[in-house]
Every structure is written in structure tokens, then in C-alpha cells.
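# Breakdown of the fold
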Amino acid sequence: VDKVVIGGNLYTHEKVIIRELIHPIPGEYQGEIANDDRNRLYNLGIFSNVQIKQIDSTYHITVIETFQYLPIPILEYDEGHGVSFGVGLAYLNFRGQNEQLLFSLVRGTSYEYYFDYYNPWAYGDHGSLFAQIYQTEYTSINYYINYLEKGFFLGTGIHKDRYHKYKCVIGHEFILIKKDENESK
């Protein structure tokens, strides 16, 4: 095998696929390593089908990408504050580089919003970057309190070898709990 040909990737950049390959190129075709490559590509979570085969001296990779947008209906029930509903949207494979965006909004007896960003390969060899902004607010029907929580986080992580992962997170949370003045004792 002396070259790689990739097909079927409508949104995903070729570098995302190539960085997951461990098969030596140039080198002798090895079916077991090709199977490992296929599994690594599946594990990205952005392909519904991956086929790898050798044709002459070419390592052919054909992929079928999953949905980029995934709507998420949200229904929450909590005995302390009742029923809430909302919607979320996951944007998978953002910018074709396996980045992920997640937005959600919940209304009802609670008010919540979330925004998450994740890039599993922002720098170097598996250097990840993630961020989150959120707010949760509700009134407890059992304890007559108003609860407000806001926060943001920014973090990074690295993989060393196969089993060593390191993660660093910095952020701020603000939590306010106060008595609900509208409720009588």
C-alpha cells in the first residue's frame, strides 16, 4: 500500500480521517490494522458506515456520514418544582472537524439554557478544548425557595499513550438560594 484514497466525506475534512489511521503507509497491507482503523473511525461518532479495503496498491476508505444536526426534545419532571419542557440541538461534526456544539432551552416550572462546545483535537496529538455556559432557575414548590445557578467553564485535556488522560478545567459558578416571598407560611 503506497497511498490513501478517501471517499464519501461530504463535510468531514480528510485530515480528521487521516489522523485516526494507524496503518503504515507506505507498507504491507494488514487486515487486522485496517480493522482497527475502521473501528477508530466509527468511534469518532460521525460516520454511520466505514469501509476499508485494498485495491491494487491503494488503501481505499469509504465513509457515510451521520446526521450533522440532531434535535433533542426535553421533558423534565422533578417533585420539587414540577414539569418543564424544551428543545435542544446538537450540531455534530461542526466545521467538518469533529467539533460539537450543543444548545438547549427549557421552560415551564424551571428555566434553563445551556451552550456547550467540544473540540476533541484542538491542538497537538489529542489535545482537546471544551467550554460550557449555562443557567438554571426554578422555584421549589416543597421548600418555598427560589434557586438560581449560573456558570461557565473552560477546559482542556490531553491523551498520553493509550490509557493516560489529563484534564484541566477553570470556571465560575454563581448560586443564589433565597426564600420565595410570594408563598405564605
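Note that the structure is predicted; figures quoted are calculated from it, not measured. Along each chain, numbering runs from 1 in the same order as the chain's sequence is written. Thresholds applied to this predicted model are a pLDDT of at least 70 for local features of residues and 80 or more for the giving and counting of side-chain atom pairs; totals over whole chains, interfaces and linings are not thresholded and use all residues. Side-chain measures here rest on the full set of heavy atoms in the structure, leaving out hydrogens and waters.

Across its full length, the protein chain carries two helices and ten strands. Note that the radius of gyration is over C-alpha atoms, with the globule rule given as 2.2 Å times the number of residues to the power 0.38. A compact globule built from 185 residues should have a C-alpha radius of gyration of about 16 Å, whereas the protein chain, at 23 Å, is more than 25% larger. Relative accessible area decides the class of each residue, using a 1.4 Å probe on protein chains only: under 20% of the type maximum gives buried, over 50% gives exposed, and in between gives partly exposed. Relative to its 185 residues, the protein chain shows a buried fraction of 32%. Contacts between residues were defined by any pair of non-hydrogen atoms, one from each residue, lying within 4.5 Å. Partitioning the contacts of the protein chain with sequence separation of at least 6, the portion at a separation of at least 24 is 40%. For the accessible areas, the method is Shrake-Rupley and the probe is 1.4 Å, while residue cover comes only from the protein chains on display. Summed over its atoms, the accessible surface of the protein chain is roughly 11,900 Å², and 56% of this surface lies on carbon and sulfur atoms. One finds the centroid of the 16 positive side-chain charges in the protein chain at a distance of 3 Å from the centroid of its 23 negative side-chain charges. Here a helix means four or more residues in a row that DSSP labels H or I, a strand means two or more in a row labelled E, and each is numbered from the N terminus. A residue counts as positive if it is Lys or Arg and as negative if it is Asp or Glu; His and the chain ends are not included. The location of each charge is read from NZ of Lys, CZ of Arg, CG of Asp or CD of Glu.

This part covers the sheet that holds strand β8 (residues 127-139). In space, the seven strands of this open sheet follow the order β4-β5-β6-β7-β8-β9-β10, with antiparallel pairing throughout. With partners counted over all chains shown, the strands left at the sheet margins are β4 (69-78) and β10 (164-179), one partner each. Ignoring strand direction, the axes of neighbouring strands in this sheet form an average angle of 10°. Pairing between strands is defined by DSSP: at least two bridges between them are needed. Sheet topology note: the strand β5 (residues 82-94)/strand β6 (residues 99-108) ladder contains ten bridges and is antiparallel. Following the sheet pairing, Gly86 is matched in β6 by Val106. Between N-to-C directions, angles cover 0 to 180 degrees, with each direction set by a line fitted to C-alpha atoms, over the stretch in contact for helices.

Further remarks concern the pattern of salt bridges. A side-chain nitrogen of Lys or Arg and a carboxyl oxygen of Asp or Glu constitute a salt bridge if their distance falls within 4 Å. Scanning the model with the defined rule gives two salt bridges in all. Between Glu20 and Arg40 there is a salt bridge, and its shortest N-O distance comes to 3.5 Å. Here Glu20 is found in the loop between α1 (14-18) and α2 (31-43), whereas its partner Arg40 is found in helix α2, with 20 residues between them in sequence. In this structure, Glu99 engages Arg95 in a salt bridge whose closest nitrogen and oxygen atoms are separated by 2.8 Å. A relative accessible area of 0% places Glu99 in the buried class.

This part is about the nonpolar core. With 15 residues, the main nonpolar core has Ile17, Leu41, Phe47, Ile52, Tyr59 and Ile61 as its most contacted residues. At the level of elements, α1, α2, β2 (47-55) and β3 (58-65) are the ones that each hand at least two residues to this core. Residues belong to one nonpolar core when they are buried, are Ala, Val, Leu, Ile, Met, Phe, Trp, Tyr or Cys, and are joined through side-chain atoms within 4.5 Å.

On to the sheet that holds β3, then. In spatial order, the strands read β1-β3-β2; together these three strands make up an open sheet with mixed pairing. The open sheet terminates on both sides in strands that have one partner only, identified here as β1 (3-7) and β2. On average, adjacent strands in this sheet sit at an angle of 15° to one another, irrespective of strand direction. Where β2 lies against β3, eight bridges are found, and the strand directions are antiparallel. Note on β3: the bridge partner recorded for Gln51 is Thr62.

This part covers α2. Between its first and last C-alpha atoms α2 spans 18 Å; for 13 residues at 1.5 Å apiece the expected length is 18 Å, and the two agree. Every buried residue of α2 is listed here: Ala34, Asp37 and Leu41. Looking down the long axis of α2, one finds its buried residues gathered within 55° of arc, a one-sided arrangement. Among the exposed residues of α2, those pointing more than 90 degrees away from its buried face are Glu32 and Asn43. To estimate how far a helix should reach, multiply one less than its number of residues by 1.5 Å. Note: the arc covers the axis-to-C-beta directions of the helix.

Turning our attention to the packing of aromatic side chains. Aromatic rings from Phe, Tyr and Trp, taking only the six-membered ring of Trp, are treated as a pair when their centres fall within 6.5 Å; an angle between ring planes under 30 degrees marks them as stacked, one over 60 as edge-to-face, and anything in between as tilted. Under the criterion given, the structure shown has eight aromatic pairs. Aromatic side chains Phe103 and Phe115 sit 5.2 Å apart centroid to centroid with 40° between the ring planes, which places their arrangement in the tilted category. Pair noted here: Phe103 is in strand β6 and Phe115 is in strand β7 (residues 110-123), with a separation of twelve residues, a long-range link. Each member of the aromatic cluster is reached from another via a ring pair, and the members are Tyr69, Tyr91 and Phe94.

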